[in-house]
Protein chains: 2
Amino acid sequence: MGKQAKNAISPSRAEDYPMWYQEVVRESQMAENSPVRGCMVIKPWGYALWENMVAAMDEMFKETGVKNAYFPLFIPLSYLEKEAEHVEGFAKECAVVTHHRLESGEDGGLVPAGKLTEPLVVRPTSETIIGESMAKWTTSYRDLPILLNQWANVVRWEMRTRIFLRTSEFLWQEGHTAHATEEEARERTMRMLDVYTEFVETCLAMPVVRGRKTASERFPGAVDTICIEAMMQDRKALQAGTSHFLGQNFAKSSHITFQNADKQEEYAWTTSWGTSTRMIGGMIMTHGDDDGVIMPPRVAPAHVVLLPIIRKEEDRRKIMDYTNGIADLLRGKRYHGRKIVVEIDDRDIGGARNWEWVKKGIPVRAEIGPRDMANDSVFVARRDMGTKEKKGVQREAFINTIEALLDDIQTNLFDRAKRFQKANTHEIDEAGAFYDFYREEGAGGFVMAHWCGSETCEATIKQDLAVTIRCIPFDSRTEQGKCICCNKPSSRRVLYSKAY
Amino acid sequence: MGKQAKNAISPSRAEDYPMWYQEVVRESQMAENSPVRGCMVIKPWGYALWENMVAAMDEMFKETGVKNAYFPLFIPLSYLEKEAEHVEGFAKECAVVTHHRLESGEDGGLVPAGKLTEPLVVRPTSETIIGESMAKWTTSYRDLPILLNQWANVVRWEMRTRIFLRTSEFLWQEGHTAHATEEEARERTMRMLDVYTEFVETCLAMPVVRGRKTASERFPGAVDTICIEAMMQDRKALQAGTSHFLGQNFAKSSHITFQNADKQEEYAWTTSWGTSTRMIGGMIMTHGDDDGVIMPPRVAPAHVVLLPIIRKEEDRRKIMDYTNGIADLLRGKRYHGRKIVVEIDDRDIGGARNWEWVKKGIPVRAEIGPRDMANDSVFVARRDMGTKEKKGVQREAFINTIEALLDDIQTNLFDRAKRFQKANTHEIDEAGAFYDFYREEGAGGFVMAHWCGSETCEATIKQDLAVTIRCIPFDSRTEQGKCICCNKPSSRRVLYSKAY
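Here is a short report on the structure shown in this document. (Residues numbered from 1 in each chain as written. Chains lettered and ligands numbered in written order. Predicted model: local features only at pLDDT ≥ 70, side-chain atom pairs only at ≥ 80, totals over all residues. Heavy atoms only, no water.)

**Quick word on the interface of chain A and chain B**
Residue-level contacts link 65 residues of chain A with 64 residues of chain B. Where chain A touches chain B, the interface holds 6 salt bridges. Note that E343 of chain A and K67 of chain B form a salt bridge whose closest N and O atoms lie 3.3 Å from each other. On the surface where chain A and chain B come into contact, there are 30 residue pairs in polar contact (both at pLDDT 80 or more). It is strand β5 (residues 96-104) of chain A that contributes the most residues to the side of chain A that touches chain B, 8 residues altogether. Looking at the side of chain A that touches chain B, its residues break down into 40 nonpolar, 10 polar and 15 charged. Of the strand pairs in this sheet, β5 of chain A and strand β5 (residues 96-104) of chain B are connected by 3 bridges, and their pairing is antiparallel. Looking at β5 of chain B, one finds that H99 of chain A is bridged to V96 of chain B. (Contact = heavy atoms within 4.5 Å. Salt bridge = Lys/Arg side-chain N within 4 Å of Asp/Glu carboxyl O. Polar contact = N/O pair within 3.5 Å; in protein donor to acceptor, adjacent residues only side chain to side chain. Helix = DSSP H or I, 4+ residues; strand = E, 2+ residues; numbered from the N terminus. Nonpolar A, V, L, I, M, F, W, Y, C, P; charged D, E, K, R; others polar. Pairing = 2+ DSSP bridges.)

In structure tokens form, the structure reads like this:
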């Protein structure tokens, strides 16, 4: 871990944030662009992170009674036609399957053959097809609630893609529930947002603002969309999860009816909620520094890397035995239920080895050289503290306190991001100051400002500044004020920001 | 659990095995046909089984150093053209994406628009695209081995489909590894078959025969294909997993090269191996009886269902408290690492309730009525013993011995299937007897017979009897004999069977 004047990632965040992001992803070996337009290859280091995220969320879903299921990849075109709003929403740019066979063409190459009578769309969401099943499975109030979730790949044909943030194919979960009463469905909508909040804050260490979308930012067809919004280090917002109360709208278009206890036919009340691999992009942009990704320990693909330093070949055996001994003891422990994952990297590639792990964002690195071994110690660096803070720690203490060290890193990441979010959230009351704030070079952040409730004002701000109302925060207190756009009276501040 | 003269599934296995299978699947609520041709909806009870199978296999894979990754859903057409054998193998019948947008057509409906310059195929396997990545990631011998696995959905356009056994879309895992030496790749091929064997035998309780495929039954492009074959209750074989040693063939077509320690460029040695949701069909056909599915406890979606019997409304509270108390104690225990999953079904739907759980195949059912409670006992039925054997068990004993009971069921299922396989495996030495055996009404099974090694003999038997060589068993001993087809000398018996 020799000195290095420059940082590992170029450009830095300050120099060019979007380019920094691309470089960080590449250097972390988490994912890369594939030869297929707009689709990514998620490499083992990135996929292990996703697996940990899935495991944590999945357990939380199941604790609330949700069950997983799997629905077909393909959606018949006629399903999309049934729901005009649905198509307007996101189904227009999608992959369309028109043939089911390949034949040798005239030039010897392969050509599509076996034209389908009805084209199939690769699911941009499974909403319509899950709706059809729910309708089939629901006869009586006794069949409700139905609490379903699906982990799957979906495709939305994107013209400009960025790994994790916007790709044509991505991995996600979509939850769909049907209930006998409005109250129960509304409770479920909030409960799932609570689950998302807990997951994002405690596992991804990303502080969020919770609130309600305005009518124009709502999910197509939803009566109410609630969300969590996080702040990236360029001070833009990223929506980290949404939960929708769909009223009876979706039940009506999908014919989800049931007989109530009085033998009367009623439409069910439904909800849906989702998160995706996009969260990984958000996590990277929340914690990463100019040396690369920083993985929160709760979801990190591995917790600790041991880096034996073998200067003389005759020391190898001794140092490797010492290293393996430490690894075995660490692996016998658990951190928040998950076995501590230890990597040992004994490649003889000089300083590149250490920098590779820095860029991958592993929470703890421990060098083990002949001198460390002689002192029965290891030389420890924690990823959240930059590359300068390192220290010798007695072997036994290192092993015994590893959970506390990981917890400290996890907490530090959250606290740091929370401080950043707070420092970059402002109350602004004057239109001039508001416009100046978002037009100033290099400025940005969350602004809590008054809004009269008019869609025109919302649209004006969006048009002028590319700033949107991210949400009406749940904790926004009632107070008298004037709309930042039209100056008319307003009783509550909303959260404005530029956004991903 | 009143008397029921008839069985729950009609027709019985003996009456019509294929129809029995369909009914069993339907009645188990594991999966159903979807409105999309050839695609299934995997319902919560079936998907939870798959999740348990995935978790068990995934852990075993990772213990051998394999890492998961994710590759694009779409394969460019040109990739398939590169590998003639690949296309011949399985890529001809596939879903072809030709457009990336939907537009309103003249009649107001949606029509495909935005024609792609190069059509994309929905992956029938990710082999070619994983090969491309491996080529990119491999420079030096230090980059090897690469040990990858992917859990994903794949599509092969099937004309005649059967849930789990053959569907256009199915879920699977495909492992792909690249090595610096032939020896290492061959070891990996066998090691993954060992993993499959262990999983299928210990978790699915399905005894298998391990062996090598003949040249004509090999995976296209493979140097060697080894497999595990299981026997269904109609005495046909079902291939439950395959592992392929690809030599340098695949590395050559995908350009996976590396510089060895002597700085010489070499092609890597690769393997691939896979299993799919088809295994679920195999599991059902191995253990199911005329009352429905029987779930092996190791992978069962739930282990125990408690069925409170509430005859008088004033007893409800007391009986439910008693039931919940038992559930809590059971849920505090683990069976082979997994928390014991307990369902409580207090629906007031008469005998249908019990039969529903029988058909779903839950390992243990326990009724709890006022009299049971008064005796501080429960009335226990184990699914593997048919519907007749039930007995009262003291509550405490029931809770304390639940793991032993589950293990006993697991072992019993395996032993029963093993006895069945053994009873239906025969050595036959005469062509006449061999032909009679497979032509006799209602007969069938595995036949260990001599084979001279000629593809012509293999083809003749297949042509005449629709019987194939499932494998050359590893444990088939060397002995002098005569080919069952041509009478020429042979030194080893092979495993013949009709197959799924």
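**Some remarks on a negative patch on the surface**
Residues E81 and E118 of chain A together with E106 and D107 of chain B make up a contiguous surface patch of negative charge. Inspection of the secondary structure puts E118 of chain A in strand β6 (residues 110-122). Since its relative accessible area comes to 32%, E118 of chain A is described here as partly exposed. (Patch = residues over 30% accessible without salt bridge, like charges linked within 9 Å, V, L, I, M, F, W, Y side chains within 5 Å. Areas by Shrake-Rupley, 256 points an atom, 1.4 Å probe, with all protein chains shown as cover. Lys, Arg positive; Asp, Glu negative; His and termini not counted. Charge placed at Lys NZ, Arg CZ, Asp CG, Glu CD. Buried < 20%, exposed > 50% of the residue type's maximum accessible area, 1.4 Å probe, protein only.)

**Topic: unusual backbone geometry**
The step from S10 of chain A to P11 of chain A runs through a cis peptide bond, and the omega angle for that step is 0 degrees. The step from L144 of chain B to P145 of chain B runs through a cis peptide bond, and the omega angle for that step is 0 degrees. Locating P145 of chain B in the fold gives a position in the loop between α5 (127-137) and β7 (146-155). Backbone geometry at R235 of chain B places phi at a positive 70 degrees, although glycine is not the residue there.

**With respect to the relation of the copies chain A and chain B**
Take chain A, turn it by 180 degrees, move it 0.0 Å along the axis, and it overlays chain B with an RMSD of 0.0 Å. What the rotation and shift describe, once combined, is the action of a two-fold rotation axis. Of every C-alpha in chain A, the one belonging to V97 of chain A sits nearest the axis of rotation, 2.1 Å from it. When the interface residues of chain A are mapped onto chain B, 98% of them again fall at the interface, so both copies present the same face. (Least-squares fit on C-alpha atoms with pLDDT ≥ 70 in both.)

**Notes on the packing of helix α2 (residues 44-63) of chain A against helix α8 (residues 278-287) of chain A**
Residues and elements named next belong to chain A. Running from N to C, α2 and α8 cross one another at 110 degrees; their axes reach a closest spacing of 11 Å. As the angle between them shows, α2 and α8 are arranged roughly perpendicular. Seen from α2, the contacting residues are L49, W50, M53 and M57; seen from α8, they are M279, I280 and M283. Across the contact of α2 with α8, the residue classes tally to 7 nonpolar, no polar and no charged. (Axes fitted to C-alpha atoms, helices over the stretch in contact; angles between N-to-C directions. Parallel < 35°, antiparallel > 145°, perpendicular 65-115°, else oblique.)

**Focus: helix α1 (residues 17-28) of chain B**
Residue and element names in this part refer to chain B. Here α1 is 12 residues long and its end C-alpha atoms lie 16 Å apart, about the 16 Å a rise of 1.5 Å per residue gives. Every buried residue belonging to α1 is among Y17, W20, Y21, E23, V24, V25 and S28, and all of these are buried. As for α1, its buried residues are in contact with β1 (31-33), α2 (44-63), α8 (278-287) and α10 (352-360). Measuring from the backbone nitrogen of M19 back to the side-chain oxygen at the start of α1 gives 3.2 Å, which picks out D16 as the cap. Backbone geometry just downstream of α1 places Q29 in the positive-phi region, at approximately 60 degrees. (Expected span 1.5 Å × (residues − 1).)

**What about the packing of aromatic side chains?**
Residue and element names in this part refer to chain A. Scanning the model with the defined rule gives 30 aromatic pairs over all chains in all. With a centroid separation of 5.1 Å and an interplanar angle of 75 degrees, the aromatic rings of F434 and Y496 are classed as edge-to-face. Taken together, the residues span a long stretch of sequence, with F434 in helix α14 (residues 431-439) and Y496 in strand β26 (residues 489-497) at a distance of 62 residues. Look at Y496 and you get buried, because its relative accessible area is 0%. Every member of this aromatic cluster is reached through a ring pair, and the members are W50, F61, W151, Y196 and W273. The ring of W357 has K360 lying over it, and the distance from NZ or CZ to the ring centre is 4.7 Å. (Phe/Tyr/Trp six-rings, centres within 6.5 Å; stacked < 30°, edge-to-face > 60°. Lys NZ or Arg CZ within 6 Å of the ring centre and 35° of its normal.)

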